[in-house]
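These are the residues of each chain, in order.
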Amino acid sequence: MRMRSVLATVTAGLAAATCVTAAAPADAHSGKAPGVHACSPAVSITSYSDALDKTTYDGTFVGNLSALAVDRGGRIAALSDRSSLFTLDRETLKPTSVVNLVDEKGAALDSEGLAVDGDGTRLVTSETEPSVRRYERDGTLVGSLPVPDALKVAPAGRATSNLTFEGLTLLPGGHTLLAAMEGSLSGDTAGIVRFQTWDRATRQGDFRLSAQYGYRTDTGLGVSEAQATPDGRLLVLERGFTAGVGNTVRLYLADLRHATDTRRVDTLTGQEGVRLARKTLLADLVNCPSLGARAKQPQPNPLLDNIEGLTITGRAPGGRLRLLLVSDDNQNAVQTTRLYSLSVRLPHTVSG
């Protein structure tokens, strides 16, 4: 989403990918790391790159990037929340094409979540309604998925504008799609957000509404991305911003296997008998080495910015997952479009 300043007093939120490895981005500002640098026992950062910051491609601003996904052939699909969908070269991570996305009436989207289906079509969320639409590679709209009434923006539903479908991912096997709400529904306890799923009977069949789950974010943070791991768990990015302080970005591993299906639970208050998704902290990115990065506004670590996109690009030696993250600069002079290469060792169990 387009992050708004938050006062300090505000209450302080893919099987195909596993065989693809994107090159670590080389940075024009000394972001190339000579080795692997630990952010935590589970997460390390290899490099970062500001090379795309405030650039254009084919007349389109390369920024406002809210989501990443691995495309066919290892290319990276990068989604702008201003309705642009870029293809990035797998080695250089520079744009090689761009298409414009519109809704059924030809209007622009507030596009936030992205998944590439097995047939190459793109599943894209817009948090305006919210919606999940399917597009051909050339940007042609071919359909949309049903959305539960409660998840729609008020007055149609109980969601708050700009706090809806922020993350989108296909679970291994491609039979289940999951969208992560960024913020809580009206009536739900603040910090408890809903993860909605759709299932289909065949690999390329139509998606139908399926289970829904509750997930509790850290105080003051929202969900900015969710990405399925090869074993069916979820990497979840939680993110927040405090004016004069900067961004908080934390990477969690979540497990839905023992969570309650909440689609028929009207309000989520942490009540007894309703099990939320379990999660365990992999890294608070404030603890990553800065690698010489510079921030254009106050940040607790100059490496940090408004990180919104995450995809798994392959495996590193030893079985660690390679991740590519991107920040959304909101086309703002004091924010940066930054790509990050990380590696993650997943724990066997999720503790909390």
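Since the model is a prediction, treat every value here as computed from it, not as a measurement.

1. Re the side chain of serine 40
So, point 1. Here serine 40 is to be found in the loop between β1 (32-38) and β2 (43-49).
So, point 2. A distance of 2.5 Å separates a polar side-chain atom of serine 40 from the backbone oxygen of leucine 282.
So, point 3. If near-sequence neighbours (up to four positions away) are discounted, serine 40 is found in contact with Leu282 and Ala283.

2. Quick word on the sheet that holds strand β15 (residues 192-199)
So, point 1. The sheet built from 4 strands is open, its strands ordered β13-β14-β15-β16 with antiparallel pairing. Both edges of this open sheet fall to β13 (165-170) and β16 (208-216), since each of them pairs with a single strand only. Each neighbouring strand pair of the sheet contributes to a mean axis angle of 20°, computed without reference to strand direction.
So, point 2. With 5 bridges connecting them, β13 and strand β14 (residues 176-181) associate as antiparallel partners. Its bridge partner lying in β14, leucine 170 is registered against leucine 177.

3. A look at the sheet that holds strand β12 (residues 141-144)
So, point 1. In spatial order, the strands read β9-β10-β11-β12; together these 4 strands make up an open sheet with antiparallel pairing. With partners counted over all chains shown, the strands left at the sheet margins are β9 (111-116) and β12, one partner each. Adjacent strand axes in the sheet meet at a mean angle of 25°, parallel and antiparallel pairs treated alike.
So, point 2. Where strand β10 (residues 122-126) meets strand β11 (residues 131-135), 5 bridges bridge the pair, whose relative direction is antiparallel. Bridging from a neighbouring strand, leucine 123 pairs with arginine 134 of β11.

4. Observations concerning the side chain of asparagine 247
So, point 1. Tracing the chain through its elements places asparagine 247 in strand β19 (residues 246-255).
So, point 2. Overall, asparagine 247 belongs to the buried group, its relative accessible area being 2%.
So, point 3. Of note is the side chain of asparagine 247, whose polar atom sits 3.4 Å from the backbone oxygen of glycine 240.
So, point 4. Filtering out sequence-adjacent residues up to four positions away, asparagine 247 remains in contact with Arg239, Gly240, Phe241, Gln299, Pro300, Leu304, Asp305 and Asn306.

5. Some points on the pattern of salt bridges
So, point 1. What the rule picks out here adds up to 26 salt bridges.
So, point 2. One salt bridge in this structure joins aspartate 188 and arginine 158, with 3.2 Å as the shortest N-O distance. Here aspartate 188, found in the loop between β14 and β15, pairs with arginine 158, found in the loop between β12 and β13; they are 30 residues apart in sequence, far enough to count as distant.
So, point 3. A relative accessible area of 9% means that aspartate 188 is categorised as buried.

6. Some details on the packing of aromatic side chains
So, point 1. Under the criterion given, the structure shown has 2 aromatic pairs.
So, point 2. Seen in terms of ring centroids, phenylalanine 165 and tryptophan 198 are 6.0 Å apart; in terms of plane orientation they differ by 80°. Their pairing is edge-to-face. In this pair, phenylalanine 165 sits in strand β13 while tryptophan 198 sits in strand β15, placing the two residues 33 residues apart along the sequence.
So, point 3. With relative accessibility at 0%, the residue phenylalanine 165 sits in the buried group.
So, point 4. Seen from their ring centres, phenylalanine 195 and tyrosine 215 are 5.1 Å apart, and the 15° between their planes marks the pair as stacked.

7. Side note on the nonpolar core
So, point 1. Counting residues in hydrophobic clusters, the biggest one holds 28 residues, and the most contacted among them are Val43, Leu251, Leu285, Leu323 and Leu325.
So, point 2. Residues within four places of leucine 251 in sequence aside, it is in contact with Val43, Leu235, Val236, Leu237, Thr280, Leu281, Leu282, Ala283, Leu310, Leu323 and Val344.
So, point 3. The next biggest cluster of nonpolar side chains, apart from the first, holds 18 residues, and it includes Leu178, Val193, Ala254 and Ala259.

8. Topic: the state of the cysteines
So, point 1. This structure, assessed with the given rule, holds 1 disulfide.
So, point 2. Disulfide partner of cysteine 39: cysteine 288, at an S-S distance of 2.0 Å. Given an S-S torsion of about 105°, the disulfide between cysteine 39 and cysteine 288 has right-handed geometry. Of the two residues, cysteine 39 sits in the loop between β1 and β2 while cysteine 288 sits in the loop between β20 (278-284) and β21 (307-315), which places them 249 residues apart along the sequence.

Conventions we followed
- Along each chain, numbering runs from 1 in the same order as the chain's sequence is written.
- Per-residue local features of the predicted model are confined to residues with pLDDT of at least 70, and side-chain atom pairs are confined, for both listing and counting, to 80 or more; whole-chain, interface and lining totals are unaffected and use all residues.
- With hydrogens and water set aside, each side-chain value is computed from the structure's full complement of heavy atoms.
- Helix numbering and strand numbering both begin at the N terminus, where a helix is a DSSP run of H or I of at least 4 residues and a strand a DSSP run of E of at least 2.
- Polar contact is defined as a pair of N or O atoms within 3.5 Å, subject to the rule that within protein one atom must be able to donate a hydrogen and the other to accept it, and that residues adjacent in sequence are counted only when both atoms are side-chain atoms.
- Residue contacts are counted whenever heavy atoms from the two residues lie within 4.5 Å of one another.
- Note on pairing: two strands pair once DSSP finds at least 2 bridges between them.
- With axes taken as lines fitted to C-alpha atoms, and helix axes fitted only over the stretch in contact, angles between N-to-C directions fall between 0 and 180 degrees.
- Only protein chains enter the accessibility calculation, which uses a 1.4 Å probe; a residue whose area is less than 20% of its type maximum is buried, one above 50% is exposed, and one in between is partly exposed.
- Basic side-chain nitrogens of Lys or Arg form a salt bridge, by our definition, when they fall within 4 Å of a carboxyl oxygen of Asp or Glu.
- In this scheme Phe, Tyr and Trp rings, the latter by its six-membered ring, pair at centre separations within 6.5 Å, and the angle between planes marks the pair as stacked below 30 degrees, edge-to-face above 60, and tilted otherwise.
- Definition of nonpolar core: a set of buried residues of the types Ala, Val, Leu, Ile, Met, Phe, Trp, Tyr and Cys, connected through side-chain atoms within 4.5 Å.
- By definition, disulfides here are pairs of cysteine sulfur atoms that lie within 2.5 Å.

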